[in-house]
Structures are given as C-alpha cells and as structure tokens.
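Examining the three-dimensional arrangement
Below, each chain spelled out in residue letters.
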Amino acid sequence: MVRPRTAWAVPFLAASFAAAQTPAAPKSAFGYADFSQQAKWDAAFMKVPSAKLAGEHLKTLTAEPHWASSPEDYKTALYVEQKFKAAGLETTIVPYRVWLNKPVKIEITAFDAAGNKLMSGPSREHVDPKAYGGDPFQDDPRILPAFNGSSASGDVTADVVYANYGTLADFKKLDELGVSVKGKIVIVRYGANFRGVKAYIAQQYGAAGVLIYSDPADDGYAKGDMYPRGPYRPASGVQRGSVQFLPIHSGDPTTPGIASTLDLPDSKRELDRTKMNQPAIPTNPLSYQDASPILEALDGPETPREWQGDLPFTYHLGGTGAVKVHMLLQQDYQLRTIWDVIGKIPGTDGGDASVLAGNHRDAWVYGAVDPNSGTAAMLETVHGLGDLLKQGWKPKRTIIFASWDAEEEGLIGSTEWVEDNEAMLRHAVVYFNTDVGVSGPSFDSSAVPSLKQFVREVTKEVSSPKGGSVYEQWKKDQAEGASRRNNARPSEADTDVRIGTLGSGSDYTPFFQHVGVPSTDIGSDGPYGVYHSAFDNYNWFIKFADPTFVYEQQQARVFGLEVLHMADADVLPYDYKLYGHEVVGYVDAAQKRAIEAKMQVDFNALTTAAHRFAAAGDAIHNTQAQLSSTGGQSNYAALNTALRDAETALLSDAGLPKRPWYRHTIYAPGEFTGYAAVVIPGVNEGIDAVDAARTQEQIAALTAALNHASAILEDAAK
C-alpha cells in the first residue's frame, strides 16, 4: 500500500556502475561497549545476501497474481515459510479471518446530455504486444477487474463534478465557487492524499459516488516514456487500492482493537457497515484512457489553473448535467482467510525484548515492486542470518521476521497480529519495515526520531552498487534533489541526511502508532509509474528498477544490519536527544499556528514539558554513551527498560479525538491526508478545526505524555 513515490523526471537506466568499494568497517557503534565482535558478524553476514537469489525469489513470488486470500496468495505464504525454515527460523503460518471485498461486477458508463455514450469501462489494462517488447503478463485471466478495496456496492447514476485531487482544500474551493457535489459523482485524480481520504471527504460533502483516475501529469507521459518503452503509466494503466478510512483505524473493519482470529465469533464483530471504517458510497479507480472522455465532456466554469492536469484539453468543473455517469458496482464481501508467516530466532537473554522486521506479501496483481521487491530482500536477509546461525552466532534478543498478508486492503495482516500480541509487544524494542524495497537506485528512509541516527550509521557500513557506501550515495542523491520521499522534515536538530516522518500506508502503523514500538521504514526509489497496476510485474522490474538485482542485495544488507545491531547492542541505540529537540520544534510551530488562528489557548505547560523532554533526552544520551564506552553491564537491563518505556509513555490511553485507535501523541497519519504524518496530531488538528476547547484538551494530554516520558528518562539518567 505504501504511497506512490514522487515521480522522477529522468528514468533510471540500468547502467554499468563502478565496482562497489566496501566501506571501511567501523571501530565502534553507539550502544556497544566493544564493537569488535559485532563487526566480524557484520562482515560475515554481508557476504551472504545474493543478488541472483533475490532475483529468483522475486520471479517466483510474482509468477501469478496473488490478491490477498486467493489460492495464489497462499502459495506465496508457503514459499516464504519454506525459506524461513531453510534458514533455521522457528516458523508458523498464522491465519486470520477478515472482511474483504472481491469484485463481482464493475461497470462504469458515461453519457452526454443527449444520451450519447462517451465511454464504457473499466477498460482492460493492455499495451501493444508488438511495441518495445510488450508485456508478457497482461493477459492472465486471474487479474481481477480494477477495483477499490473497501468500496461499497452501488447502482448510481448522477451528474459529474471534477474535484482535482479530492483534498479537503479542494472540496472547500468547490464550495467557494458555488459548485455542490451533493448527490453527484465526483471524479478526482490520484495524488496529494490517500485515496480513502478522498472518499471520506466526498462522502461528508454528500457525494453519491467517487471515481479516482491517474492523471498523466502525475505518473504518466508528462513524466517520461510510458511503459513498455519507459517506466511511466500507460493510458490503460489503473491504480487499484484500498479506500478504507485508514486515518480512523487500520486492520479488519469488523474488529477494531481486537484480533480477527479464526475462532472469533461473529457476535464479537461489528458487521454493520455504517459503523465500519469504510465508505458507504461506491468508489472505483479509472485509467486516464477511461477518464479522459468524461473530463473532456464536462462544461461549466474552467477549473482553477492549478487544477489543470495533463490531458490535452481544458479541464472544467462540471456539475451542469452535461455528463452523467452510471456506476454499477457489485462487491462480494465475505470473511476470508489470510495468512501471516512468522519466523523466530530465539534470543539468549530469554526475555520479551524482541526485534521485529517485516514486509507484506500480498499484491493487487503481481506486485513486483510493491511489495515483493521488499519480500525478496527480506528473504535474503533471512538467508544471511541463517548462515550466521550455522557459524555459531546467537542473538541476545529474540528476532521475529514477518511476512504480512492483506496489507493492501488496510494493513490487515500486521494489524491483526499486533492486536493478537499486544502484551508481548510492550517489550519489543523495534519494528523494522520494508514495503517497496526497490523501485530504483535511490535509498531513502523514514523513522521515529530516536532511530534516525541509527539508520544513518547502518547505511555507512553497506556498500552501494554505485561505489562508496549507501550513506554516501544517499547524501549525494539528496543533494542533487533526486530523493524526495516521505516529506522529510529537516530541522536545526537534524541537519544530516534527511529521514522522513512516519505517517501511514505500510505495516509500521499498528506497531508504532497503536502500541508504541519504535519503527523505521526503508526503500530504494526510482521512476515508478506503474504503482498498483497489472504492469507492476517482473517484466517492468527487470527493465526499469533493478535489472541485475544489486539493489535488492543492498537492501537485504541494510535490513539485516538493522536487525543485527538492534538484536545485539548492549545499550539500545535510541537517540532521545534528537527526539527531544524535534518535539520542541513541533510545539513551537503549533503555538505559532494557534496565534495566527487567533485562538485563546495556553501553551505554557506544554512548552515547559517539551523542554523538559529535550533536557531528559540530552541527559539519557550522555548516560548511554558513558555506559556503552566504559561498560557497566549491571546497569544495561534497567537502562534498556527505561529507554523502551519512554516511547510507550508517549501513548495516550484515550487516543486521538474521533479516532481513538491511534494512540501516539507525537505522530499519526492526518485525518485528511492519510499517508502524510501530522506531528503532535491532537494539538495540530484541534488548531486546524479552530476548536479551542479541543486544542486545550489535547495540549493537556500531550503535556502529560511528555512529562511521563521525561520522568522515566530522568530517573534512568541519574
């Protein structure tokens, strides 16, 4: 599900890079009293992940469409189970029974005012088989019609209004322009926010249905050559995806907060659709081939200039009766079985301080980039750790690898497992995520602030196919403006390589934002224009992403070093010094916004708490550095417990207003963005709503959380 990357202006070509030079092994690392033995294990590990084997994994995993709960999806679970077991992991397949829709009939027809048919679709995804090698995967009869997960069934005929990207600002602009969407079918383009938020806002404004199309301005011919000549979306390409109201909660719509186990009775489920986190109106994706006749026939006023896409005509707002669309959507909703694959390497410490790493496996169609480039890399990470086990290595902390299912429908497999294992996860020290492992050559990451420096340090140790270290290439890419993922937020406290803020759209969400497990997400990006389409397949991957699988190998090494270092560190290498200074910046910015909004709210206690948290972060960082450099093993356990508990202290038992499943007071996906993070969300969304009472209440909740975390760190730093 991971949100589409910002498209590149120049396609990545599989050039022959300079032979990679192995970076010098570090002599020390934050969190280790003596790094010498770990450096040896690191070196032994990095020899194992194989580019060739990663390519074989990817080819096998993407041989068939494998939508969650399908027989083909189960085959991929068995493949991952086999590879986990071969590496020596204690492996189980964990099934859940969850609410999923499968399309029975999807018909979209448009007519002009005289009743003439303008289009009938959705058209089949297809490119010329004789041009530029065509696409060998496009004709598989198991490819489902283009549909939206979580869409309602419906039979609606209505006038059409164009609403740009379907953001809250766009709907407000329509109001200002006197264009009502009530009872209308809204057509919006992909981008700017999560597709489920588009449906969420449209429904609130009274729309009868939503069509979401891919505009060539965003990932089509305006960016470069279309597939199969180039990497960008062809005219028939469709972005599928879930329209679940992800900012309300992730996971099975029938069981928020509890696990959808096979034996869970229906009496424990919420089966009233009006109470689920799903739209009540039909929603469906379109290609720009199918959307173009609708948009071209709209009349009424011209759109604001910034709403103009790249189809070859002037866009109009519509809403005048010039175009009517008939949406006939029949969805088969059932409780269907999905399969998580869980592999475990027991730690020698015997405790619950586990290190978790995961990637999802299900795909809308083939999913070569999203997600199986990540699965292939993870399997080579597991291969490497399995080799270390044979050499006698044993981790201090238990390591758990997970292959999640039904992520695309709403992070379902990971969320249900988290809700099933919440008690154990109170002691988990980290969750490492990868989703889109490789779509090109540019490494990037998002992380909780306490793990940003950790990610940087790991990437300094891994060689890049371009030469030097991954870190050096990452820094160079950012300097050249090539890497723009995840709305990275540079600050005075964070002037190194920019690392993004965790919003939502992948499996770290339940770990971090529901139960407070510190998390990171890594990927390697490129000109990826076939997101969630039938063309995201092995053929596209070997032409435009990673023809020799060397970036798969790179990602396996980075992922593996993350796991190794966190599993074996003496002192958990969290950086609360940076975290604290980030939070001070967030609070200062929110106060300025409140003043600009002329809101009467009191930030004094919160400002004091933020500075206290920053001071506690400085103090605990000094303590960590002293212990890891001088020893003092008797203090490691207590210090590590405190470091972990400080993150949990940032949760609010009450959760966020209107969406209590989200409990983290510092980070959450925005109610009206979905993918992008909102920092100190309770406070900032109260300001957005110009609701002084709500904002003051959230200021108090955040103040309490920061003071709680500060007290834990202060006590440990004494």
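Please refer to the structure placed before this passage.
Residues numbered from 1 in each chain as written. Predicted model: local features only at pLDDT ≥ 70, side-chain atom pairs only at ≥ 80, totals over all residues. Heavy atoms only, no water.

Observations regarding the overall build of the protein
Along the backbone of the protein there are 20 helices and 16 strands. Its C-alpha atoms give the protein a radius of gyration of 25 Å, near enough to 27 Å, the size a compact globule of 718 residues would have. Taken along its principal axes, the extent of the C-alpha atoms in the protein is 85 × 65 × 55 Å. Scored against the burial criterion, the 718 residues of the protein give a buried share of 64%. Of the contacts made within the protein by residues no fewer than 6 positions apart, 81% connect residues no fewer than 24 positions apart. With 65 positive and 86 negative side-chain charges, the protein shows a spacing of 1 Å between the two charge centroids. (Helix = DSSP H or I, 4+ residues; strand = E, 2+ residues; numbered from the N terminus. Rg over C-alpha atoms; globule rule 2.2 N^0.38 Å. Buried < 20%, exposed > 50% of the residue type's maximum accessible area, 1.4 Å probe, protein only. Contact = heavy atoms within 4.5 Å. Lys, Arg positive; Asp, Glu negative; His and termini not counted. Charge placed at Lys NZ, Arg CZ, Asp CG, Glu CD.)

Considering the packing of helix H2 (residues 51–61) against helix H8 (residues 372–390)
Between H2 and H8, the shortest axis-to-axis distance is 9 Å and the interhelical angle comes to 135°. Accordingly, the angle class assigned to the pair H2 and H8 is oblique. Helix-helix and strand crossings are classified by hand; for H2 and H8 the assignment is right-handed. From H2, Leu53, Ala54, His57, Leu58 and Leu61 reach across to H8, where they touch Asn372, Ser373, Thr375, Ala376, Leu379, Glu380 and His383. Broken down by class, the residue content of the contact of H2 with H8 amounts to six nonpolar, five polar and one charged. (Axes fitted to C-alpha atoms, helices over the stretch in contact; angles between N-to-C directions. Parallel < 35°, antiparallel > 145°, perpendicular 65-115°, else oblique. Left-handed = near helix turned anticlockwise from the far one by under 90°. Nonpolar A, V, L, I, M, F, W, Y, C, P; charged D, E, K, R; others polar.)

Let's talk about the pairing of strand S12 (residues 430–438)
S12 sits mainly inside the fold: nine of its nine residues count as buried. When strand S10 (residues 355–360) meets S12, the two strands line up parallel, connected through four bridges. Counted as the bridge partner of Leu356 is Tyr431 from S12. Sheet topology places S12 next to strand S14 (residues 519–525); five bridges connect them, and they run parallel. (Pairing = 2+ DSSP bridges.)

Brief notes about the side chain of Asn148
Looking at the element boundaries, Asn148 is found in strand S3 (residues 148–149). Overall, the relative accessible area of 0% leaves Asn148 in the buried class. At 3.3 Å, the side chain of Asn148 and the backbone nitrogen of Asn284 are in polar contact. With residues up to four places along the chain from it excluded, the contact list for Asn148 reads Asn101, Tyr190, Arg195, Ile212, Arg240, Gly241, Val243, Thr283, Asn284, Pro285 and Gln331. (Polar contact = N/O pair within 3.5 Å; in protein donor to acceptor, adjacent residues only side chain to side chain.)

So, the environment of Arg659
Within the element layout of this structure, Arg659 appears in the loop between helix H18 (636–648) and strand S15 (667–669). Among the residues examined, Arg659 registers a relative accessible area of 1% and is labelled buried. Taking the C-alpha atoms as reference points, Arg659 and Pro247, 412 residues apart in sequence, are found 7.4 Å from one another. Non-local contacts of Arg659, meaning those with residues more than four positions away in its chain, are made with Pro247, Ile248, Ala668, Pro669, Gly670, Glu671 and Glu685.

Considering the environment of Leu271
Note on placement: Leu271 falls in the loop between strand S7 (241–242) and strand S8 (283–286). For Leu271, the contacting residues outside a window of four places in its chain are Trp99, Thr254, Asp266 and Met276.

Some points on the packing of aromatic side chains
Considering all chains together, one arrives at 35 aromatic pairs under this definition. Ring centres 5.8 Å apart and planes at 50° place the aromatic pair Trp540 and Phe544 in the tilted group. Note that Trp540 and Phe544 are positioned in helix H14 (residues 538–545) at a spacing of four residues, about one turn of the helix. Each member of the pair, Trp540 as well as Phe544, is classed as buried. Aromatic ring contacts, followed pair by pair, group Phe512, Tyr574, Tyr576, Tyr579, Tyr586, Phe613 and Tyr667 into a single cluster. Looking at Lys460, its charged tip hangs above the ring of Tyr471, at a distance of 4.8 Å from the centre. (Phe/Tyr/Trp six-rings, centres within 6.5 Å; stacked < 30°, edge-to-face > 60°. Lys NZ or Arg CZ within 6 Å of the ring centre and 35° of its normal.)

Structural notes on helix H12 (residues 470–479)
Burial in H12 covers these residues: Val470, Tyr471, Gln473, Trp474, Asp477 and Gln478. Within H12, the buried residues cover an arc of 165° as seen down the axis, which keeps them to one side. Contact partners of the buried residues in H12: strand S13 (442–447), helix H11 (452–459) and helix H15 (550–568). (Arc of directions from axis to C-beta.)

Considering the pattern of salt bridges
Applying the stated criterion to the full structure yields 28 salt bridges. Taking the shortest distance from any N to any O, the salt bridge between Asp140 and Arg142 comes out at 2.9 Å. Judged by its relative accessible area of 36%, Arg142 falls in the partly exposed class. Between Lys396 and Asp570 there is a salt bridge, and its shortest N-O distance comes to 2.5 Å. One end of the pair, Lys396, is in the loop between H8 and strand S11 (399–404); the other, Asp570, is in the loop between H15 and helix H16 (576–596), and 174 residues separate them in sequence. A relative accessible area of 31% places Lys396 in the partly exposed class. Salt bridges linked by common partners bring Glu64, Glu72, Lys75, Asp140 and Arg142 together as one network. (Salt bridge = Lys/Arg side-chain N within 4 Å of Asp/Glu carboxyl O.)

The values are spatial; any link to function lies outside them.
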